[in-house]
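Residues per chain are reported as follows:
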Amino acid sequence: MVERFEKEFEERFGGGCAPLAVGSGTDALHLAYLLAGIQAGDEVIAPVFTCTATNIPFLYMGATIRFADVEKGTLNIDVDHVKRLITPRTKAIVCVHYGGLPCNMDELHALAHEHGLIIIEDAAHALGATYKGKKIGEISHFTMYSFQAIKHVTTADGGMLLIKDRDLLEKAKRLRWFGIDRSAKQKGIWENDITEIGYKYQMNDMAAAMGIAGLEEFNDTLALRRRLLARYFDNLKDLDGVKCVGEGYTDREHAAWMMTIIAERRIELQAHLRANGIESGQVHYRNDRYSIFGGRQQGAFPNMDKLEDSYLVLPLHTKMNETHVDRICDVMKKGW
Ligand SMILES: *Cc1c(COP(=O)(O)O)cnc(C)c1O
């Protein structure tokens, strides 16, 4: 089942990259960082605003994280800031397609090319997204997907890594399973040594079966999510005090995982929505607020500083239809 899921996923999203199914998106990121050759003391450039799962695996490895600020209109990584963070010790850049809108991949790849860096895409929000006609998944050295409970496709928990350099696949498989070459072992050759420290990061058949079923529904799921997002953008475009994050791009297709706004008096808006039976929230927080990442770097991220008290994530999920979006927007239009 795992091999079948990998194969079906590769056909849909792989764009020539090799798939490796794992136990979670975080497992996939950790393996990508290991396969990228990141070592203790290396510097990596990573988004300050993301799920902590993007950045915690760097701490497992003793890598030094240099956080980059967000772009104001998208909350994606700010390429100008990335440029200023590059040093001779920089090894890799990880980017997150926030909410499902792809980052500025051409600009990031130009920097990577100039400085010999590896790019890892955290595409946990971006299954089905495209950038300038290319699939997210076929662009960078490594792309990671998550099948955690609330992602586009779920396997209860699970992840997928797409690997551009197919020669790395055998090593990736060994690292997924304690460092053991399972295919050699299954052929009964017991003299195999273990020479690399691996992990227990495999996907199981039950999860893969869910994933296969999820892929069957995926086109409908994505189409519905995109309709809901477009409806929000349309309904909210003239509303004072609100800006929609990631609106207006024509060179990339949104995967519509999250609908985020920048709102004046966010707390009051959240209370107003809640009083009308509508949940909203933050989902992710700036990572420099956490002690494990060294704590707040005041002033280092001017855009994040400006936006951290005003972003709000509105409901967007597959149990909704356009009427629900209209109702939410009507409640907002009454003022808060
Ligand atoms: C969900 C998510 C992850 C982690 O995936 P898991 O499958 O939960 O390990 C990583 N990055 C981002 C941006 C996510 O939203």
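Residues numbered from 1 in each chain as written. Predicted model: local features only at pLDDT ≥ 70, side-chain atom pairs only at ≥ 80, totals over all residues. Heavy atoms only, no water.

Quick notes on the pattern of salt bridges
Keep this limit in mind: What makes a salt bridge here is a side-chain nitrogen of Lys or Arg within 4 Å of a carboxyl oxygen of Asp or Glu, nothing more. Runs of E in the DSSP output that reach at least two residues are strands. Runs of H or I that reach at least four are helices, and both are numbered from the N terminus. Three exposure classes are used, based on accessible area relative to the maximum for each residue type with a 1.4 Å probe and protein chains only: buried under 20%, partly exposed in between, and exposed over 50%.
Across all of its chains, the model carries 20 salt bridges by this definition. Put simply, Glu43 and Arg66 hold a salt bridge, and the shortest N to O gap is 3.5 Å. One end of the pair, Glu43, is in strand 2 (residues 43-47); the other, Arg66, is in strand 3 (residues 64-68), with 23 residues separating them in the sequence. The exposure class of Glu43 is buried, given its relative accessible area of 8%. For the salt bridge of Asp326 with Arg231, the shortest nitrogen-to-oxygen distance reads 2.6 Å. In this pair, Asp326 is assigned in helix 11 (residues 322-333) and Arg231 in helix 8 (residues 205-236), connecting sequence segments 95 residues apart.

Quick look at the site of the ligand
Using the following cut-off: Neighbouring residues are identified by heavy atoms, a residue being near a molecule or strand if any of them is within 4 Å of it. Definition of a polar contact: a pair of N or O atoms within 3.5 Å, with one able to donate and the other able to accept a hydrogen when the atoms are protein atoms, and with sequence-neighbouring residues admitted only if both atoms are side-chain atoms. In this description, accessible areas are obtained by the Shrake-Rupley approach with a 1.4 Å probe, and a residue is regarded as covered only by the protein chains that are shown.
Around the ligand, a shell composed of 17 residues is seen, among which Gly25, Thr26, Asp122, Ser146 and Lys151 lie nearest. Note that a nitrogen atom of the ligand is positioned 2.7 Å from one of the side-chain N or O atoms of Asp122. Ser146 places a side-chain nitrogen or oxygen 2.7 Å from an oxygen atom of the ligand. Computed on the free molecule, the ligand has an accessible area of 380 Å², of which 92% lies beneath the protein chains in the complex. Broken down by secondary-structure element, the contributors of at least two residues to the shell around the ligand are helix 2 (25-35), helix 3 (52-61) and strand 8 (142-146).

A word on the pairing of strand 9 (residues 159-163)
Sheet faces and side chains relate simply in a regular strand, where the side chains alternate between the two faces. Threshold: A pair of strands is considered paired only if DSSP assigns at least 2 bridges between the two.
Counting buried positions along strand 9 yields 5 of 5 residues, so the element is predominantly enclosed. Here strand 9 shows a buried face lined by Gly159, Leu161 and Ile163 and a second buried face lined by Met160 and Leu162. With 5 bridges joining them, strand 1 (residues 18-22) and strand 9 adopt antiparallel strand pairing. Across the sheet, the residue bridging to Val22 is Gly159, located in strand 9. Judged from the 5 bridges that link them, strand 8 and strand 9 form a sheet pairing that is antiparallel. For Met144, the partnering residue across the bridge sits in strand 9 and is Leu161.

Concerning the side chain of Asp122
Heads up, the condition is: A positive count includes Lys and Arg, and a negative count includes Asp and Glu. His and the chain ends are not counted in either. By definition in these notes, contact holds between two residues if any of their heavy atoms fall within 4.5 Å.
The residue Asp122 is located in strand 5 (residues 118-122) in this model. Nearest to the buried, unbridged Asp122 among oppositely charged side chains is Lys151, at 6.8 Å. A distance of 2.8 Å separates the side chain of Asp122 from the side chain of Thr54, its partner in a polar contact. A distance of 3.0 Å separates the side chain of Asp122 from the backbone nitrogen of Ala124, its partner in a polar contact. Those residues in contact with Asp122 that lie beyond four places of it in its chain are Leu29, Thr50, Thr54, Val94, Cys95, Val96, His97 and Met144.

Section: the pairing of strand 8
Of all 5 residues that make up strand 8, 5 are buried, and the element is covered over most of its length. In strand 8, alternate side chains face the same way, and those of Phe142, Met144 and Ser146 on one face and Thr143 and Tyr145 on the other are all buried.

What about the domain arrangement of the protein chain?
For clarity, the cut-off: Residue ranges for the domains originate in an automatic or database domain assignment. When two parts are brought into contact, each loses some accessible area as probed by a 1.4 Å sphere; the total of that loss over both is the buried area. Gly is placed with the polar residues, together with every amino acid not listed as nonpolar (Ala, Val, Leu, Ile, Met, Phe, Trp, Tyr, Cys and Pro) or charged (Asp, Glu, Lys and Arg).
Split into domains, the protein chain comes out as domain 1 (2-216) and domain 2 (219-333). For domain 1 versus domain 2, the distance between C-alpha centres works out to 25 Å. Between domain 1 and domain 2, a total of about 3,200 Å² is buried, with carbon and sulfur atoms accounting for 63% of that surface. For the pair domain 1 and domain 2, the interface holds 0 salt bridges. Sorting the residues of the side of domain 1 that touches domain 2 by element identifies helix 3, strand 3 and strand 6 (130-131) as the ones contributing at least two each. Among the elements that make up the side of domain 1 that touches domain 2, the one with the highest residue count is helix 3 (4 residues). Looking at side-chain class alone, the side of domain 1 that touches domain 2 contains 19 nonpolar, 13 polar and 7 charged residues.

As for the packing of helix 2 against helix 3
What counts here: Between the N-to-C directions of two axes lies an angle of 0 to 180 degrees, each axis being a line fitted to C-alpha atoms and, for a helix, fitted only over the stretch in contact. An angle counts as roughly parallel when it lies under 35 degrees, as roughly antiparallel when it exceeds 145, as roughly perpendicular when it falls between 65 and 115, and as oblique in every other case. By definition, any crossing whose near helix is turned counterclockwise from its far helix by less than a right angle is left-handed, and any crossing with a clockwise turn is right-handed.
In the contact formed by helix 2 and helix 3, the axes pass within 9 Å of each other and the chain directions differ by 50 degrees. In this view, helix 2 runs oblique relative to helix 3, as classed from their interaxial angle. Where helix 2 crosses over helix 3, the two elements pack in a sense that is right-handed. Counting all contacts with helix 2, which are made through Thr26, Leu29, His30, Tyr33 and Leu34, the residues of helix 3 involved are Ala53, Thr54, Pro57, Phe58, Tyr60 and Met61. Its residues assigned to classes, the contact of helix 2 with helix 3 comprises 8 nonpolar, 3 polar and no charged.

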